[in-house]
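# Analysis of the macromolecular model
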Amino acid sequence: TAKRIRRIIEDPVTERSAIPVAALFEGVAADARGRLPGATVAVDAGDDLAVLATSDVRLALEELVENAIVHGGDPVELRAEPLDSAPSTWVDLEVIDAGPGIPETERAAVTGDRDITQLQHGSGLGLWLVRWAVESVGGDLGFEHRDGRTVVRIRLRRADVE
């Protein structure tokens, strides 16, 4: 993870392209099932939906899915939701699990809602990788609890509107 973060920061992929969400989700889900046998990863994405991003977004999704499987338990769901505005220029990519959620202290450190000190910081690098990968393509990262489930949201620009 540290090597991936270093590459994102020092040698970012700058050329964004249209990435079909269904194919992206299917690839991330298949990789997760291969690395973590027995994991259940469901995919819910429209066939015609694409986001404007780089390959670093796949790294972010892989990190979130693995974290959801290990800490949130099965099943994990990948869902894509275009925002309701018409025409929608943004798409939310969601990683959903039934776990207890990401601790507030971890979220606050990564989102900047809390100052980072030697005594107050995140315990892992995974969420930092996600944050920097998402921000590198002009996206936004969010966390919520919805219907008793943990939702991590990556908001990206829709490819067919730019």
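Cut-offs applied
- Residues numbered from 1 in each chain as written.
- Predicted model: local features only at pLDDT ≥ 70, side-chain atom pairs only at ≥ 80, totals over all residues.
- Heavy atoms only, no water.
- Helix = DSSP H or I, 4+ residues; strand = E, 2+ residues; numbered from the N terminus.
- Buried < 20%, exposed > 50% of the residue type's maximum accessible area, 1.4 Å probe, protein only.
- Expected span 1.5 Å × (residues − 1).
- Contact = heavy atoms within 4.5 Å.
- Core = buried A, V, L, I, M, F, W, Y, C linked by side-chain atoms within 4.5 Å.
- Phe/Tyr/Trp six-rings, centres within 6.5 Å; stacked < 30°, edge-to-face > 60°.
- Polar contact = N/O pair within 3.5 Å; in protein donor to acceptor, adjacent residues only side chain to side chain.
- pLDDT = per-residue confidence, 0-100.
- Pairing = 2+ DSSP bridges.
- Axes fitted to C-alpha atoms, helices over the stretch in contact; angles between N-to-C directions.

Regarding its fold elements, the chain presents five helices and seven strands. What you see in the chain, going N to C, is helices and strands ordered as α-β-α-β-β-α-β-β-α-α-β-β. Burial status across the chain gives 43% buried among its 162 residues.

The next subject is helix 2 (residues 21-35). Its 15 residues place the ends of helix 2 21 Å apart at the C-alpha level, agreeing with the 21 Å of an ideal helix rising 1.5 Å per residue. Here helix 2 has its buried residues at Val21, Ala22, Leu24, Phe25, Gly27, Val28, Ala29 and Ala32. Where helix 2 is buried, its residues meet strand 1 (17-20), strand 2 (41-44), strand 3 (50-53), helix 3 (56-72), strand 4 (76-82) and strand 5 (90-97).

A few words now on the nonpolar core. Membership of the largest hydrophobic core comes to 35 residues, with the highest contact counts inside it found for Leu61, Leu93 and Ile154. Of all the secondary-structure elements, those providing two or more residues to this core are helix 2, strand 3, helix 3, strand 4, strand 5, helix 5 (126-135) and strand 7 (149-157). Ignoring anything within four residues of it in the chain, the contact list for leucine 93 reads Val21, Leu24, Phe25, Val51, Val57, Leu61, Arg79, Ala80, Val152, Arg153, Ile154 and Leu156.

Turning to helix 5, a few remarks are in order. With seven of its ten residues buried, helix 5 lies for the most part within the structure. For helix 5, the set of buried residues is Gly126, Leu127, Trp128, Leu129, Val130, Ala133 and Val134.

So, about the packing of aromatic side chains. Scanning all chains against the criterion turns up one aromatic pair. With a centroid separation of 5.2 Å and an interplanar angle of 35°, the aromatic rings of tryptophan 128 and tryptophan 132 are classed as tilted. Pair noted here: tryptophan 128 and tryptophan 132 are both in helix 5, with a separation of four residues, about one helical turn. For tryptophan 132, a relative accessible area of 28% corresponds to the partly exposed category.

Attention shifts here to the side chain of arginine 79. As for its placement among the helices and strands, arginine 79 is situated in strand 4. Polar contacts involving the side chain of arginine 79 include one to the side chain of glutamate 77, which spans 3.0 Å.

Bringing the confidence of the model for the chain into the picture now. On average, the chain scores 82 in pLDDT, and the residues at 70 or more come to 78%. In this model residues 114-123 is a low-confidence stretch, pLDDT under 50, and it forms 14 contacts with partners more than four residues away in sequence or in other chains.

Here strand 6 (residues 140-146) runs beside strand 7; their pairing, made up of seven bridges, is antiparallel. Counterpart to arginine 146 in the pairing with strand 7 is arginine 149.

What follows is about the pairing of strand 3. Here strand 3 shows two buried faces, one formed by Ala50 and Leu52 and the other by Val51 and Ala53. As judged from the four bridges shared by strand 1 and strand 3, these two strands associate in the antiparallel manner. Opposite serine 17, over in strand 3, you have alanine 53 as the bridge partner.

One non-glycine residue with positive phi stands out, namely aspartate 147, at about 55°. With respect to the helices and strands, aspartate 147 occurs in the loop between strand 6 and strand 7.

Reading across from one edge, 2-4-5-7-6 is the order of the five strands in this open sheet, with mixed pairing throughout. Edge strands, defined here as strands with exactly one partner in the open sheet, are strand 2 and strand 6. Across the sheet, the mean angle from the axis of one strand to that of its neighbour is 20°, orientation sign disregarded. Strands in contact with helix 2 are strand 2, strand 4 and strand 5; relative to strand 2, the strand with the most contacts, it is inclined by about 180°. Across the sheet, helix 3 is in contact with strand 2, strand 4, strand 5 and strand 7; its angle to strand 5 comes to roughly 25°.

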